[in-house]
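Survey of secondary and tertiary structure
Next come the chains, spelled out residue by residue.
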Amino acid sequence: MKWTVEFLNGEVEGEFLVLPQDMRARFVRVAELIESYGLENVGMPHVRHLQDTLWEIRAKGKSGISRGIYVALSGRRVVILRVFVKKTQKTPQGELELAMKRMKEL
């Protein structure tokens, strides 16, 4: 069974669409790697564990660094809960809390 990568809802997709073009392209590339090779075969520097069931897709471009916080579900589904431009070394707690809140919608 093949992996799929999807946005939780239109709001999350909107967060993705406002990213600069180079970051969007990198983000799409990582999603394609997950779908082609399987999440279990894609590791650093593309994806990284954050806390509990939350993981992040890491995208870096000329415009900066962006992250997509996601959760892996049964049925080989990756659901992206939050997309944002990262401005600090550590992922802000508020971003993690928003992702956890959105995860409750699943």
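Overview of the structure.

The pairing of strand β3 (residues 54-61) with strand β4 (residues 64-73) spans 7 bridges and is classified as antiparallel. In the strand pairing of β4, Trp55 is matched with Tyr70. Taken together, β3 and the strand that follows it, β4, pair antiparallel across an intervening segment of 2 residues. In this sheet, strand β5 (residues 77-86) lies alongside β4 in antiparallel orientation, the contact comprising 9 bridges. Note that in β5 the partner of Ile65 across the bridge is Lys86. With antiparallel pairing between neighbouring strands as the criterion, β4 and β5 make up a hairpin whose turn holds 3 residues, including Gly75 at a positive phi of roughly 85 degrees.

On to the pattern of salt bridges. Under the criterion given, the structure shown has 9 salt bridges. Arg102 is the partner of Glu15 in a salt bridge, and the nearest nitrogen-oxygen pair spans 2.8 Å. Here Arg102 lies in helix α3 (residues 93-103) and Glu15 lies in helix α1 (residues 10-17), a separation of 87 residues in the sequence. Pair check on accessibility: Glu15 and Arg102 agree, each one buried. A salt bridge links Glu56 to Arg58, with the nearest nitrogen and oxygen atoms 3.2 Å apart. Counted as one network, the salt bridges with shared partners bring together Glu11, Glu15, Arg82, Glu95 and Arg102.

Attention shifts here to unusual backbone geometry. In this structure, the amide linkage connecting Met44 to the following residue, Pro45, adopts the cis form with an omega of 5 degrees. Within the secondary structure, Pro45 is located in the loop between α2 (21-37) and β2 (47-51). Its identity is not glycine, yet Arg76 carries a phi of approximately 55 degrees, on the positive side. Locating Arg76 in the fold gives a position in the loop between β4 and β5. Residue class for Arg76 comes out partly exposed when judged on its relative accessible area of 31%.

Definitions and limits used
- Residues numbered from 1 in each chain as written.
- Predicted model: local features only at pLDDT ≥ 70, side-chain atom pairs only at ≥ 80, totals over all residues.
- Heavy atoms only, no water.
- Pairing = 2+ DSSP bridges.
- Helix = DSSP H or I, 4+ residues; strand = E, 2+ residues; numbered from the N terminus.
- Salt bridge = Lys/Arg side-chain N within 4 Å of Asp/Glu carboxyl O.
- Buried < 20%, exposed > 50% of the residue type's maximum accessible area, 1.4 Å probe, protein only.

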